[in-house]
Amino acid sequence: MKYWEDFAVGEIIELGSHTITEAEVLAFARQFDPQPFHTDPEAARRSIFGGLIASGWHTCGLLMRLSVDANRREEAAATGSPGLDSCRWLRPVRPGDTLTGRTEVLETWPSRSKPIGFIRRRNELINQQGEVVVAVVGITMYQRRPAVAA
Amino acid sequence: MKYFEQVGDVMRFGRYEVTRDEIIEYARQFDPQPFHLDEEAAKASMFGGLIASGWHTGAMFIRMVVEHMTPVHATTGAMGFDDLKWLKPVRPGDVLSVESEIREKIESRSRPDRGTVKIESRISNQRGEVVMSLVSLVIYLRR
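Quick caveat, the model's predicted, so the values are computed rather than measured.

Conventions used here
- Residues numbered from 1 in each chain as written.
- Chains lettered and ligands numbered in written order.
- Predicted model: local features only at pLDDT ≥ 70, side-chain atom pairs only at ≥ 80, totals over all residues.
- Helix = DSSP H or I, 4+ residues; strand = E, 2+ residues; numbered from the N terminus.
- Buried ≥ 20, exposed ≤ 12 C-beta atoms within 10 Å, placed from the backbone.
- Contact = placed C-beta atoms within 7 Å.
- pLDDT = per-residue confidence, 0-100.
- Nonpolar A, V, L, I, M, F, W, Y, C, P; charged D, E, K, R; others polar.
- Pairing = 2+ DSSP bridges.
- Expected span 1.5 Å × (residues − 1).
- Axes fitted to C-alpha atoms, helices over the stretch in contact; angles between N-to-C directions.
- Core = buried A, V, L, I, M, F, W, Y, C linked by C-beta atoms within 7 Å.
- Arc of directions from axis to C-beta.
- Parallel < 35°, antiparallel > 145°, perpendicular 65-115°, else oblique.

1. Brief notes about the overall build of chain B
Here's step 1: Within chain B one finds 4 helices and 5 strands.
Here's step 2: Each helix and strand of chain B, placed in order from N terminus to C terminus, yields the pattern β-α-α-α-α-β-β-β-β.
Here's step 3: Counting only C-alpha atoms and orienting by the principal axes, one finds that chain B spans roughly 55 × 30 × 20 Å.
Here's step 4: Across the 143 residues in chain B, those meeting the buried criterion constitute 40%.
Here's step 5: Taking all contacts inside chain B whose residues are at least 6 apart in sequence as the whole, residues at least 24 apart take part in 68%.

Now the structure itself:
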């Protein structure tokens, strides 16, 4: 298990990649963000974006998925998040883009009342051109390493 | 249409019924943690039952915004958001709605035809408890 104590400030965690399909863009947008440049390829071509783009909330979901999968690979004892400092959608995400996730540990501090610790992380998705498309700074909670009985 | 100059009132809108199936479907795709996916595992967790992914609550929020605000506001998208808080669990059967309030208006220096509006939104359940809040950075066209 990877506990709160095992994270170091400055540590970079590679989260893996996902290639987003047009079907995924359309399915998410039709359910949650039905604006023409997310749901209608023809209307999107005529929009300021010049083609279909993914909902920003969809890209955040993809970043979450890569984080959850990375936590599972590392057996990290994540217990949720109280919130986020900021999220910026920096560039459009288009069908066929391959998005690679990356996390940097910015700060760590222990809970005073519970056997958990907090980690402030900067999470990014980077496309195949090396451009950051979304950046999220947020707080994640992890379990503390259990004390070894004497 | 409401332009940059015209937004200012408190807005209350939306009604989103949260279902068990949708919580599990979202979690399978984006947030496969046991307390979002599996009722039995969720019962044994610190949440005491199935809860929606926080990002799913965000997706429900944007659905309500797109249905109620986007058609009547001259917006061209959002740059992102600040200070998002997940305050209470969202559970199957909850009915969510939104209250939004303008916090700040910033005229663009480079693009005189638009400006950024900071909008604080509180998403509440049927008991009036705020489950999530955030400050969106929305780009509005000027009149």
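2. Focus on the overall build of chain A
Here's step 1: Across its full length, chain A carries 4 helices and 5 strands.
Here's step 2: In chain A, the succession of helices and strands from N to C terminus is β-α-α-α-α-β-β-β-β.
Here's step 3: By its C-alpha atoms, chain A is 70 × 25 × 20 Å across when sized along the principal axes.
Here's step 4: Residues classed as buried in chain A amount to 35% of the 150 residues present.

3. Let's talk about the confidence of the model for chain B
All names here are of chain B.
Here's step 1: A residue-level look at chain B finds 100% of positions with pLDDT of 70 or above and a mean pLDDT of 95.
Here's step 2: The element-level mean pLDDT for chain B is lowest in helix 3 (residues 39-44), coming to 92, with helix 1 (residues 20-30) highest at 98.
Here's step 3: Note on the complex model: pTM 0.95, ipTM 0.95.

4. Some words on the interface of chain A and chain B
Here's step 1: The partner chain B presents 21 residues to the 20 residues of chain A that form the contact.
Here's step 2: Of all the elements in the fold, those that place two or more residues in the side of chain A that touches chain B are helix 4 (56-74) and strand 2 (83-89) of chain A.
Here's step 3: Classifying every residue of the side of chain A that touches chain B by side-chain character gives 10 nonpolar, 6 polar and 4 charged.
Here's step 4: Across 5 bridges, the pairing between strand 2 of chain A and strand 2 (residues 75-86) of chain B is antiparallel.

5. Observations regarding helix 4 (residues 54-68) of chain B
Residue and element names in this part refer to chain B.
Here's step 1: Over its 15 residues, helix 4 runs 21 Å from end to end, which matches the ideal 21 Å to within 8%, given 1.5 Å per residue.
Here's step 2: Helix 4 sits mainly inside the fold: 11 of its 15 residues count as buried.
Here's step 3: Among all positions in helix 4, only Gly54, Trp55, His56, Thr57, Gly58, Ala59, Met60, Phe61, Ile62, Met64 and Val65 are buried.

6. Concerning the sheet that holds strand 3 (residues 98-110) of chain A
Here's step 1: If you walk across this open sheet you meet the 10 strands as 1(A)-3(A)-4(A)-5(A)-2(A)-2(B)-5(B)-4(B)-3(B)-1(B), and the pairing is antiparallel. Each edge of the sheet is formed by a strand with only one pairing partner; in this case those strands are strand 1 (12-19) of chain A together with strand 1 (11-17) of chain B. Each strand of the sheet is rotated relative to its neighbour by a mean of 25°, with strand direction disregarded.
Here's step 2: Bridge count for strand 4 (residues 114-124) of chain B against strand 5 (residues 130-141) of chain B is 11 bridges, and the pairing is antiparallel.

7. Thoughts on unusual backbone geometry
Here's step 1: The backbone phi angle of Glu75 of chain A is positive, close to 55°, even though this residue is not glycine.
Here's step 2: With respect to the element layout, Glu75 of chain A can be found in the loop between helix 4 and strand 2.
Here's step 3: Here the phi dihedral of Asp83 of chain B falls at roughly 55°; this positive angle occurs in a residue that is not glycine.
Here's step 4: You can see Asp83 of chain B is positioned in strand 2.

8. Considerations on the nonpolar core
Here's step 1: Cys60, Leu63 and Val134 of chain A together with Ala59 and Phe61 of chain B are the most contacted members of the largest nonpolar core, which totals 65 residues.
Here's step 2: Counting residues in each nonpolar core, the second largest holds 5 residues, with Trp4, Ala76, Ala78 and Ile119 of chain A among its members.

9. Topic: the pairing of strand 5 of chain B
Residue and element names in this part refer to chain B.
Here's step 1: The pairing of strand 2 with strand 5 spans 7 bridges and is classified as antiparallel. Residue pairing in the sheet places Trp86 in a bridge with Met132 of strand 5.
Here's step 2: Linking strand 4 back to strand 5 in an antiparallel pair, the connection comprises 5 residues, with Gly128 at a positive phi of about 80°.

10. A few points about the environment of Leu125 of chain A
Residue and element names in this part refer to chain A.
Here's step 1: Mapped onto the fold, Leu125 is located in strand 4 (residues 116-126).
Here's step 2: Each C-alpha atom, one on Leu125 and one on Ala78, is 20 Å from the other, the two residues being 47 residues apart in sequence.
Here's step 3: Not counting the four nearest positions on each side in its chain, Leu125 is found in contact with Thr59, Leu62, Leu63, Leu99, Thr100, Gly101, Val133 and Val134.

11. A look at helix 1 of chain B
Here's step 1: For helix 1 of chain B, the set of buried residues is Ile23, Tyr26, Ala27 and Phe30 of chain B. Angularly, the buried residues of helix 1 of chain B cover 100° about the axis, an arc narrow enough to put them on a single face. Exposed side chains of helix 1 of chain B directed beyond 90 degrees from the buried face belong to Asp21 and Arg28 of chain B.
Here's step 2: Packing partners of the buried residues in helix 1 of chain B comprise helix 4 of chain A together with helix 2 (34-37) and helix 4 of chain B.

12. With respect to the packing of helix 4 of chain A against helix 4 of chain B
Here's step 1: It is the contact of helix 4 of chain A with helix 4 of chain B, at a shortest axis distance of 10 Å, that shows an interaxial angle of 175°. Between helix 4 of chain A and helix 4 of chain B, the angle falls in the class roughly antiparallel. Across the interface between the two elements, Trp57, Cys60, Gly61 and Met64 of chain A of helix 4 of chain A pack against Trp55, Gly58, Ala59 and Ile62 of chain B of helix 4 of chain B.
Here's step 2: Of the residues contributing to the contact of helix 4 of chain A with helix 4 of chain B, the split by class is 6 nonpolar, 2 polar and no charged.

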